[in-house]
Amino acid sequence: MQQSIPLSSPALATERIGRFKQEFQGMSVAAGPIVDAKVVAVKQALSGAIAPGSRVQVRGWVRTRRDSKAGLSFVNLSDGSCFDAIQVVAPNTLANYDNEIVRLTTGCALIAEGELVASQGKGQSFELLASRVDVVGWVDDPETYPIQPKPHSPEFLREVAHLRPRTNLFGAVSRVRQSIASAIHRYFNDNGFCWINTPIITGSDTEGAGEMFRVSTLDMMNPPRTDQGAIDFHKDFFGKETFLSVSGQLNVEGYCLALSKVYTFGPTFRAENSHTTRHLSEFWMVEPEIAFADLDANATLAEDFLKFIFKAVLAERPDDMAFFADRVEKAAISRLESIIATPFARIDYTDAVDILKKSGKKFDYAVEWGADLQTEHERYLTENHVSGPVVVTNYPEKIKAFYMRLNDDGRTVAAMDVLAPGIGEIIGGSQREERLDVLDRRIAQFGLDPKMYSWYRDFRRYGTVPHAGFGLGFERLVCYVCGLANIRDAIPYPRAPGSAEF
RNA sequence: GCCCGAAUAGCUCAGUUGGUUAGAGCACUUGACUGUUAAUCAGGGGGUCGCAGGUUCGAGUCCUGCUUCGGGCGCCA
């Protein structure tokens, strides 16, 4: 029948696209039999926006089935559009009731069509009184289908990461992740920022943020050699050694010094052998960079940005957030509300050290000026001293990166960490060193090769201005918003040392 | 990289000082019952107790090694 549609006809194309869009409003795909019903998302069907009595079609996956000897079955169907599933009421008058409906198990894919009605039962406002239910995909062995209508441990679900989006937990995480990502782009777009897609493959092997993954097409068994016997990377794909990027910051600074307000939002790779609940080998990072700006402006941006995102998630995903507060982390909602309502405190690193020393609290790690703050120190500051978000600024230059701007005291740099109760460091950033002579001294001091940074130095040679930015680990933000204990549950397919399944 | 812990049914777990045929709930299946809500009730199937050795008359249980998973620290986002 596809042949009967002349692809060149504008009228038919418009009609076809119109039909697709009508379905697209409801679900993400156009597939299966379409009769005379409007395709709707479960979210719409349960919202009250559709008049009772309307003929609608829903498409999704079975959560549970309950049979009633009153002559009907209740099939809870989820399509991921919202936390709740819709209850499909399937009467035994359906042609496939005895041979299909009563055999439905968790995970089966269905298209159900019928009348959207006010529910006779408790627990839901609307339900679908089905006049037709088509089974699109069966679960071939229900006994071994890993996703059951009961709580599973996150550890178990990591073993079936390809199927875990079928669960309440990962459905909710996925929608919240989307809400956060969307809010990030919206915040920057509305504030005049330009999204810059910095390269994933980089030739800089000394970006200073840890071990890097090599990118190479050389034959590992028999690589080309130089006269000295070293591997000859001049013969590699890019004609030089290349790696996966650990940060887009250095690249994005160039766009900042032309477009004024820019940000990166993309995948980042770190080959650190970290075994913690807060680290991934592959994660997504957000890095805004602003020109004609100092550390103070940077901190203000971070505060406004975080508050915007938290507000957006609470407004857009109340159903999922209620689930997190109920089942994952009691304070999931209240702590976001608290951060939104509380002005971020600002403390100089030197003052923070004094506060910690005078706290009288016994720390596992001693507090000394010149040493980085440990997680326990950060938690004391934000949870006990301030009882709210706090920005710690002006760290000793020896413990921070070479590109951070040296302060007039000569011993600190204009760096900042944003600390929040319950999570600790959520953002790290700095004002960048815009003075070429100072930058050169820093590069030398850190033992870096100036030739590797010639293009980065150019930004200071041609129209340099004070500028600043910060980095935010996207999955850490997802963890915090959802109350997740392990960052491997904040990304669909986690990659970590010794683990790259699926 | 360092330290600690765990591994018993598809899932969550119990299993006493080492002792007969390793149990429960959920899931699956059969039946009963019901506009049901993780429905309920009754029956049934389902296990190389992570792997490999060792101690012992006898090991799910004790010992050693390995594997995998989880947690903490360091590094960081």
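Residues numbered from 1 in each chain as written. Chains lettered and ligands numbered in written order. Predicted model: local features only at pLDDT ≥ 70, side-chain atom pairs only at ≥ 80, totals over all residues. Heavy atoms only, no water.

Asker: Would you explain the overall build of chain A in this entry?
Answerer: Each helix and strand counted, chain A has 13 helices and 17 strands in total. Taken along the three principal axes of its C-alpha coordinates, chain A extends 80 × 60 × 45 Å. Considering chain A as a whole, with its 502 residues, one finds that 47% of them fall into the buried category. Contacts spanning at least 24 positions in sequence make up 65% of the contacts within chain A whose residues lie at least 6 apart. Distance between charge centres in chain A, computed from 55 positive and 64 negative side chains, equals 2 Å. (Helix = DSSP H or I, 4+ residues; strand = E, 2+ residues; numbered from the N terminus. Buried < 20%, exposed > 50% of the residue type's maximum accessible area, 1.4 Å probe, protein only. Contact = heavy atoms within 4.5 Å. Lys, Arg positive; Asp, Glu negative; His and termini not counted. Charge placed at Lys NZ, Arg CZ, Asp CG, Glu CD.)

Asker: What am I meant to see in the pairing of strand β4 (residues 86-91) here?
Answerer: Working note: regular strand, side chains alternate between the two faces of the sheet. In terms of burial, β4 is largely enclosed, as six of its six residues are buried. A two-sided burial pattern is seen for β4, the buried positions comprising Ile86, Val88 and Ala90 on one face and Gln87, Val89 and Pro91 on the other. Looking at chain direction, strand β3 (residues 72-78) and β4 are connected through six bridges and run antiparallel. Note that in β4 the partner of Asn76 across the bridge is Gln87. Pairing analysis gives three bridges linking β4 to strand β6 (residues 126-137), with the strands arranged parallel. Residue pairing across strands places Val89 opposite Leu129, the latter belonging to β6. (Pairing = 2+ DSSP bridges.)

Asker: Help me out: how do you make sense of the sheet that holds strand β8 (residues 201-202) in this one?
Answerer: The strands that make up a sheet pair up through hydrogen bonds in the backbone, lying either parallel or antiparallel. With antiparallel pairing, the three strands of this open sheet are ordered in space as β8-β10-β9. With partners counted over all chains shown, the strands left at the sheet margins are β8 and β9 (214-215), one partner each. Sheet topology places β9 next to strand β10 (residues 242-244); two bridges connect them, and they run antiparallel. When the bridges of β10 are listed, Arg214 appears paired with Phe243.

Asker: Explain the nonpolar core to me, please; I cannot follow it from the model alone.
Answerer: Nonpolar side chains tend toward joint burial in soluble globular proteins. With 91 residues, the main nonpolar core has Val88, Ile180 and Phe324 as its most contacted residues. Top element by residues in this core is helix α4 (residues 168-190). It accounts for 11 residues. Sequence-distant contacts of Ile180, that is, excluding residues within four places in its chain, are made with Ile309, Val313, Phe474, Leu477, Val478 and Val481. Core analysis: the second largest hydrophobic core is formed by 29 residues, Phe363, Val367, Ala415 and Phe459 among them. (Core = buried A, V, L, I, M, F, W, Y, C linked by side-chain atoms within 4.5 Å.)

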